[in-house]
Amino acid sequence: MNNSNSLNDVTYNRIKEDIMNMTLEPGMDVSVQKLSERYGVSRTPVREAVVRLQQSGLVEIYPQRKTVVSKIDLQRVREEWFIRTSLESAVIDEFIRKCSELVADTMQELINKQKKYMDKKYFREFYIKDNRFHQLIFQTAGEELSWFTIEEVASHYNRIRLLYGKMEGVQPSDIDKHVKMVAATRKRDVEGMRKVVMEHSNTLLDRVQSMSGQYPQFF
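Counting from 1, residues in each chain are numbered in the order their sequence is written. The model is predicted, so local features are restricted to residues of pLDDT at least 70 and side-chain atom pairs to those at 80 or more, both for listing and for counting; the totals for chains, interfaces and linings are taken over all residues. Side-chain numbers come from the whole structure's heavy atoms, not from hydrogens or water.

Quick notes on the environment of Ile83
Rules: Labels follow the DSSP assignment, with helices taken as runs of H or I lasting at least four residues and strands as runs of E lasting at least two, numbered in each case from the N terminus.
Here Ile83 lies in helix α4 (residues 74-98). The spacing of Ile83 and Met107 is 24 residues in sequence and 23 Å in space, taken between C-alpha atoms.

Written out as structure tokens, the structure is:
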């Protein structure tokens, strides 16, 4: 990778992370000039980053007028939720078939770490551990491409998760669902595991409604 491509990727990832964790809030003006000054880079890597972010649905470009961070699109959240839920439910059989006690122990370790980050000021750390927990399910099932697909397309879905964590903190029920998933894993209970995964996923849709009502400026 040449230096130009490396800088482009670094710039894109920095801006994307700040959009995802709500440092750059929905509706915020993010012109190339402003981003260039904010991140201390030239306009060229910023322009490329903005184009990629537009393709991901994270910014909206109004030619000759402005570029803004996209508001969270509720319909897109539901579509991204459907993709994630469908794929995660589909890999459960293979996950249970392939999982070992080591996998279950690793899941439990991640839960223990999550418990340290339940305060809303640690929402980012909790989110990282939460993602690793679910990624492990896909990896164990041998379906890493499915997880990569989820991460690539679920930009609005994941912003809801991060917004909720930032504003409300972590709910004990989030931990409880993970504990139940580990219990189902140890029992090799395919249907029990699938049921908890669906319940866990459905929780997000309830939060979508509450967040859109509490923080309409982001939607």
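Comments concerning the packing of helix α8 (residues 155-168) against helix α10 (residues 190-214)
Operational definition: Between N-to-C directions, angles span 0 to 180 degrees; the directions come from axes that are lines fitted to C-alpha atoms, helices contributing only their stretch in contact. Note on angle classes: values under 35 degrees are labelled roughly parallel, values over 145 roughly antiparallel, values of 65 to 115 roughly perpendicular, and the remainder oblique. Each crossing gets its handedness from the near helix: less than a right angle anticlockwise from the far helix is left-handed, clockwise is right-handed. Here a residue-residue contact requires only that any non-hydrogen atoms of the pair lie within 4.5 Å. The residue classification treats Ala, Val, Leu, Ile, Met, Phe, Trp, Tyr, Cys and Pro as nonpolar and Asp, Glu, Lys and Arg as charged. All others, Gly included, are polar.
At their nearest, the axes of α8 and α10 sit 10 Å apart, and the two run at 65° to each other. The angle between the axes of α8 and α10 places the two elements in the roughly perpendicular class. Here α8 runs over α10; the crossing is left-handed. Here α8 contributes Tyr157, Ile160, Arg161, Leu163, Tyr164, Met167 and Glu168 to the contact with α10, which in turn contributes Leu204, Arg207, Val208, Ser210, Met211 and Gln214. Looking at the contact of α8 with α10 residue by residue, the class counts come to 8 nonpolar, 2 polar and 3 charged.

So, the packing of aromatic side chains
Here a ring pair, both rings aromatic, is described through the centre-centre distance and the interplanar angle of the planes. Under the convention used in this document: Centres within 6.5 Å are what make two rings of Phe, Tyr or Trp a pair, Trp counting through its six-membered ring; a difference in plane orientation under 30 degrees is then read as stacked, over 60 as edge-to-face, and the rest as tilted. Type-normalised accessible area, obtained with a 1.4 Å probe on protein chains alone, sets the label of each residue: buried when under 20%, exposed when over 50%, and partly exposed for intermediate values. For a Lys NZ or an Arg CZ to count as sitting over a ring, it must be within 6 Å of the ring centre and within 35 degrees of the ring normal.
Applying the stated criterion across every chain yields a total of 3 aromatic pairs. Each ring, one from Tyr215 and one from Phe218, has its centre 6.2 Å from the other, and the planes form 20°; the classification is stacked. When sorted by exposure, Tyr215 lands in the same class as Phe218, which is buried. Over the aromatic face of Tyr62 sits the side chain of Lys66, whose NZ or CZ is 5.9 Å from the ring centroid. Across the ring face of Tyr164, the terminal group of Arg207 is positioned such that the distance to the ring centre comes to 4.3 Å.

Side note on the environment of Val41
Relative to the elements of secondary structure, Val41 occurs in the loop between α2 (32-39) and α3 (43-55). Residue Val41 is classed as buried on the basis of its relative accessible area, which comes to 16%. Counting along the chain gives 34 residues from Val41 to Leu7, while the straight-line C-alpha distance between them is 8.7 Å. Leaving out residues up to four positions away in the same chain, Val41 has contacts with Leu7, Thr11, Ser36 and Val46.

Notes on the nonpolar core
A general feature of soluble globular proteins is that nonpolar side chains tend to end up buried together. The condition that has to hold: Nonpolar cores were defined as sets of buried Ala, Val, Leu, Ile, Met, Phe, Trp, Tyr and Cys residues, with membership established by side-chain atoms within 4.5 Å.
Ranked by internal contacts, the top residues of the largest apolar core, which has 39 residues, are Phe95, Met107, Phe133, Ile137, Met181, Met193 and Leu204. Breaking this core down by element, the ones donating at least two residues are α4, α5 (101-114), α6 (123-141), α7 (144-153), α8, α9 (172-187) and α10. When residues no more than four places from it in sequence are discounted, the contact partners of Phe133 are Met107, Leu110, Ile111, His178, Met181 and Val182.

Regarding α5
As a reminder of what qualifies: Any helix carries an expected span of 1.5 Å times its number of residues minus one. The arc under discussion is defined with respect to the helix axis, by the directions toward the C-beta atoms.
Given a rise of 1.5 Å per residue, 14 residues ought to cover 20 Å, and the 20 Å separating the end C-alpha atoms of α5 matches this to within 8%. Among all positions of α5, only Val103, Ala104, Met107, Leu110, Ile111 and Gln114 are buried. Each buried residue of α5 sits inside an arc of 115° when the element is viewed along its axis, so together they form one side. Along its buried surface, α5 packs onto α4, α6, α9 and α10.

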